[in-house]
Amino acid sequence: MATPREPADDLRRIAFLLERAREPTYRVRAFRNAAAVAAGLSQQELAERAAAGTLAKLPGIGDVTARCISESLRGEMPVYLRRLEEAEDEPMDPATGRVRAALRGDCHTHSDWSDGGSPILEMAEAARGLRHEFMVLTDHSPRLTVANGLSAERLERQLDLVAELNEKLSPFRILTGIEVDILEDGSLDQNPSLLARLDLVVASVHSKLRMPAEEMTPRMVAAVANPHTDVLGHCTGRLITGGRGQRPESAFDPDIVFAACAQFGVAVEINSRPERLDPPRRLLRRAVEAGCLTAIDTDAHAPGQLAWQVNGCQRAAQCDVPVQLIVNSWPVEALLAWTSDHAARPG
């Protein structure tokens, strides 16, 4: 008799692959909810229910997920999972593959503490499953109320939780961070003393995106010049597809903004979300010409979205981004040395 598989792991893997493929959220949630139910029961109880045909009577378990659990208990890879695993991805070209192989982590991720869909631990375990060495947790700052942004008090509590999780996950590390709003005057939407405690700060514009270029440029430069800013997030704010519709690029002088990034040692994010792919290639090439550091990030709001990093790797390869200037290709201690002092780079 074949050794039973772990049903909860198979169900979580299905959810991950569905997210990666941008399948509807309700379908992903069905498998993730079923995984939580299965994880809360012993294999013996699951096996007894499978034999009696009562798995689907459990709250959160439907006919499809019940069939997956039964197949796992028989030691078989569920057919649903096998089909997803066998679905061929687009082949990765060698240049993209070299960039992807160099990356050690992700500098922009979200959890259910703000507008993400999964707990911190689930995001971290998915990142570790992708062979990342670290993940920077960057939930939103308080002004972005639509995204349940973190007040100073909630961020303090999150820091305590991250410290506890890191004890369990070592040697993998969750780095503390935030995606902080760039306010209209270029200041950052969080207490400076608290920003100073974080491992990494992503600063992004989320409001007044249609501000005239002569106002947006100094706004962005002020944020880049802030000593707490490490990464300039999705710099144009554009949306090219997806459920939120399309949104044009914000207007700013890229030569001035990228010169400021190079001067202050701030990385320009290469955002890998399919609906963003920000900055556009023409602007990414100008950032490279300006000598900017970069960070290839997913801006993931769910575990399966962490696999979208290949999108940014492809754009980095197309625009001849030097791998040594991609901050998340550095060892974590070198990354932290840089966030503490932007003049520090691995030699």
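Presented here is an overview of the structure given in this document. (Residues numbered from 1 in each chain as written. Predicted model: local features only at pLDDT ≥ 70, side-chain atom pairs only at ≥ 80, totals over all residues. Heavy atoms only, no water.)

With 14 residues, helix H1 (residues 7-20) ought to run about 20 Å at 1.5 Å a step, and its terminal C-alpha atoms sit 20 Å apart, in line with that. Counting buried positions along H1 gives ten out of 14 residues, so the element sits mostly inside the fold. Listed in full, the buried residues belonging to H1 are Pro7, Ala8, Asp10, Leu11, Ile14, Ala15, Phe16, Leu17, Leu18 and Glu19. Where H1 is buried, its residues meet helix H2 (25-39), helix H3 (43-52), helix H4 (63-73), helix H5 (79-86) and helix H7 (120-129). Where H1 terminates, the next one or two residues include arginine 22, which has phi positive at roughly 60°. (Helix = DSSP H or I, 4+ residues; strand = E, 2+ residues; numbered from the N terminus. Expected span 1.5 Å × (residues − 1). Buried < 20%, exposed > 50% of the residue type's maximum accessible area, 1.4 Å probe, protein only. Contact = heavy atoms within 4.5 Å.)

The next subject is the packing of aromatic side chains. Applying the stated rule across the entire model yields two aromatic pairs. Ring centres of phenylalanine 31 and tyrosine 80 lie 4.8 Å apart, and the angle between their planes is 50°; this geometry places the pair in the tilted category. Taken together, the residues phenylalanine 31 in helix H2 and tyrosine 80 in helix H5 connect sequence positions 49 residues apart. Residue phenylalanine 31 is classed as buried on the basis of its relative accessible area of 4%. Exposure remark for tyrosine 80: the relative accessible area of 25% places this residue in the partly exposed category. With 5.9 Å between their ring centres and 90° between their planes, tryptophan 330 and tryptophan 338 make a pair best called edge-to-face. Neither residue differs from the other here; tryptophan 330 and tryptophan 338 are each classed as buried. The ring centre of tryptophan 308 lies 5.8 Å from the NZ or CZ of arginine 22, which sits over that ring. (Phe/Tyr/Trp six-rings, centres within 6.5 Å; stacked < 30°, edge-to-face > 60°. Lys NZ or Arg CZ within 6 Å of the ring centre and 35° of its normal.)

Right, let's talk about the pattern of salt bridges for a bit. According to the stated counting rule, one finds 16 salt bridges in the structure shown. One salt bridge in this structure joins glutamate 45 and arginine 49, with 3.8 Å as the shortest N-O distance. A residue pair is termed a helical-turn pair when its members lie 3 or 4 positions apart in one helix, as glutamate 45 and arginine 49 do in helix H3 at four residues. Among the residues examined, arginine 49 registers a relative accessible area of 25% and is labelled partly exposed. Across the salt bridge formed by aspartate 255 and arginine 286, the nearest N and O atoms sit 2.9 Å from each other. Within this pair, whereas aspartate 255 is found in helix H11 (residues 254-264), its partner arginine 286 is found in helix H12 (residues 281-289), the two being separated by 31 residues in sequence. You can call aspartate 255 partly exposed: its relative accessible area is 47%. A single salt-bridge network, built from bridges that share partners, covers Glu19, Arg32 and Glu122. (Salt bridge = Lys/Arg side-chain N within 4 Å of Asp/Glu carboxyl O.)

Honestly, it's all geometry; don't read function into it.
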